[in-house]
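Remarks on the overall topology
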Amino acid sequence: MTDTSSLLAPTLAERTRAILGRRNLILVGLMGAGKSVIGRLVAQQLGLPFIDTDTEIERVSRMTISELFTAYGETEFRALETRVVKRILRSGPKVVSTGGGAFINDKTRRQIERGGISIWLHADLEVLWERVNKRDHRPLLKTENPKQTLEKLMQDRYPVYARADITINSRDVRKEVICAEVLEAVITHLTDNRKSHG
Ligand SMILES: Nc1ncnc2c1ncn2[C@@H]1O[C@H](COP(=O)(O)OP(=O)(O)OP(=O)(O)O)[C@@H](O)[C@H]1O
Ligand SMILES: O=C(O)C1=C[C@@H](O)[C@@H](O)[C@H](O)C1
Ligand SMILES: [Mg+2]
């Protein structure tokens, strides 16, 4: 007789979707870490809506992020980001990729902590630099030495990103590999949580 048990076993995506319930998955991390690309793929796999907060900010303001920084400055941009993140996370489940500074801002981080499971895409300097140096639309990197600026942002921000519920090592492997690692980590995180809460 043919063993059909493996054919009937739920897939990784199905298992993740089942345990996730109505929670949101929120990707955080530096520019170039892969939040948008991996977030979209995770959402596709889980059959959930995907929202990128930078894109949503650009939609509601009808300005690009660069234009917002130039016209109103970073402080106003952060206030708008907090409001947009709060609204997006009011309902779930969905997959949300955030702008690089969202989790660093105290108010926005509190919204994220309340709003779902946070996932830090951690990457080293060379990986990030290879990815971001191809385009120059990022206002924070419009400096004399953008690579050094990126390194400084890593030093300042990594201790804060480390507070995320889950950390994934984002590196140059196929995005499907990173996506599968995210799903596995979500299952582990929620299973461990269940155990510790009896
Ligand atoms: N696993 C990967 N392998 C190769 N390239 C990748 C991988 N993940 C992301 N990239 C590439 O790196 C670049 C940055 O990715 P992405 O835009 O998703 O980063 P981000 O974290 O959303 O950055 P930002 O905060 O600037 O929006 C893109 O060109 C993307 O295709
Ligand atoms: O790292 C940051 O502070 C930023 C990252 C981008 O996603 C944008 O949200 C904006 O350029 C600021
Ligand atoms: Mg992005």
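Under the annotation held in an unreviewed UniProt entry, the protein carries the name Shikimate kinase and is attributed to Rhizobium paknamense.

Topic: the site of ligand 2
Contacts to ligand 2 come from Met31, Asp54, Ile65, Phe77, Arg78, Gly99, Gly100, Gly101, Pro139, Leu140 and Arg157. Gly100 places a polar main-chain atom, nitrogen or oxygen, 3.1 Å from an oxygen atom of ligand 2. Side-chain polar atom of Arg157 to an oxygen atom of ligand 2: 2.7 Å apart, as the coordinates give it. Protein coverage of the free-state accessible area of ligand 2, which is 310 Å², stands at 94%. A molecule is said to occupy a pocket when more than half its atoms come within 2 Å of that pocket's grid points, and by this definition ligand 2 occupies the largest pocket. Element by element, the count of residues in the shell around ligand 2 is highest for helix α5 (residues 65-88), at three residues.

Some words on the layout of surface pockets
Here the largest pocket defines a volume of roughly 910 Å³. Taken together, 36 residues line the largest pocket, and the ones lying closest to its centre are Gly32, Ser36, Asp54, His137 and Arg138. Put simply, the parts of the chain that give the lining of the largest pocket at least two residues each are α3 (35-46), α4 (53-61), α5 and α9 (175-196). Considering every element that reaches the lining of the largest pocket, the biggest residue donor is α5, with six residues. In terms of residue class, the lining of the largest pocket is made up of 11 nonpolar, 12 polar and 13 charged.

Side note on the site of ligand 1
Surrounding ligand 1, one finds 14 residues, the nearest of these being Gly32, Lys35, Ser36, Val37 and Arg138. At 2.8 Å from an oxygen atom of ligand 1 is found a side-chain nitrogen or oxygen belonging to Ser36. A distance of 2.8 Å separates an oxygen atom of ligand 1 from a polar side-chain atom of Arg138. Coverage of ligand 1 by the protein chains reaches 73% of its 630 Å² of free accessible surface. When atom positions are compared with the pocket grids, ligand 1 is found to occupy the largest pocket.

Examining the UniProt feature "binding site: ATP" (unreviewed entry) in the protein
As recorded in UniProt, the sites labelled "binding site: ATP" (unreviewed entry) are Gly32, Ala33, Gly34, Lys35, Ser36, Val37 and Arg138. If you take the residues mentioned a moment ago, the ones lining the largest pocket come down to Gly32, Ala33, Gly34, Lys35, Ser36, Val37 and Arg138. Relative to the elements of secondary structure, Gly34 occurs in the loop between β1 (24-28) and α3. Looking at Gly34, the relative accessible area reads 16%, which means it is buried. The contacts of Gly34, once residues within four sequence positions are left out, are Gly39, Leu121 and Arg131.

A short note on the environment of Arg157
You can see Arg157 is positioned in helix α8 (residues 146-161). For Arg157, a relative accessible area of 7% translates into the label buried. When the C-alpha atoms of Arg157 and Gly100 are compared, they prove to be 9.5 Å apart, with 57 residues separating the residues in sequence. In this view, Arg157 contacts Leu30, Arg78, Gly100, Gly101, Ile104 and Leu140; residues no more than four positions away in its chain are not counted.

What about the packing of aromatic side chains?
This structure, assessed with the given rule, holds four aromatic pairs. Between the aromatic rings of Trp120 and Tyr158, the centroid separation amounts to 4.9 Å while the plane-to-plane angle is 80 degrees, which identifies the pairing as edge-to-face. Here Tyr158 lies in helix α8 and Trp120 lies in strand β4 (residues 116-122), a separation of 38 residues in the sequence. Looking at Trp120, the relative accessible area reads 5%, which means it is buried. Given the relative accessible area of 13%, Tyr158 is considered buried. Ring-pair connections join several aromatic residues into one group, and the members of that group are Trp120, Tyr158 and Tyr161. Lying over the aromatic face of Phe103, Arg109 brings its terminal NZ or CZ to 6.0 Å of the ring centre.

Definitions and cut-offs
Residues numbered from 1 in each chain as written. Chains lettered and ligands numbered in written order. Predicted model: local features only at pLDDT ≥ 70, side-chain atom pairs only at ≥ 80, totals over all residues. Heavy atoms only, no water. Near = heavy atom within 4 Å. Polar contact = N/O pair within 3.5 Å; in protein donor to acceptor, adjacent residues only side chain to side chain. Areas by Shrake-Rupley, 256 points an atom, 1.4 Å probe, with all protein chains shown as cover. 1 Å grid on protein atoms, 1.4 Å probe; cavity = no way out; pocket = protein on both sides within 12 Å on 5 of 7 lines; lining within 4 Å. Sits in = over half its atoms within 2 Å of the grid points. Helix = DSSP H or I, 4+ residues; strand = E, 2+ residues; numbered from the N terminus. Points joined across faces, edges and corners; volume = space filled by probe spheres on them. Nonpolar A, V, L, I, M, F, W, Y, C, P; charged D, E, K, R; others polar. UniProt positions renumbered as here; feature names shortened; annotations may be inferred. Buried < 20%, exposed > 50% of the residue type's maximum accessible area, 1.4 Å probe, protein only. Contact = heavy atoms within 4.5 Å. Phe/Tyr/Trp six-rings, centres within 6.5 Å; stacked < 30°, edge-to-face > 60°. Lys NZ or Arg CZ within 6 Å of the ring centre and 35° of its normal.

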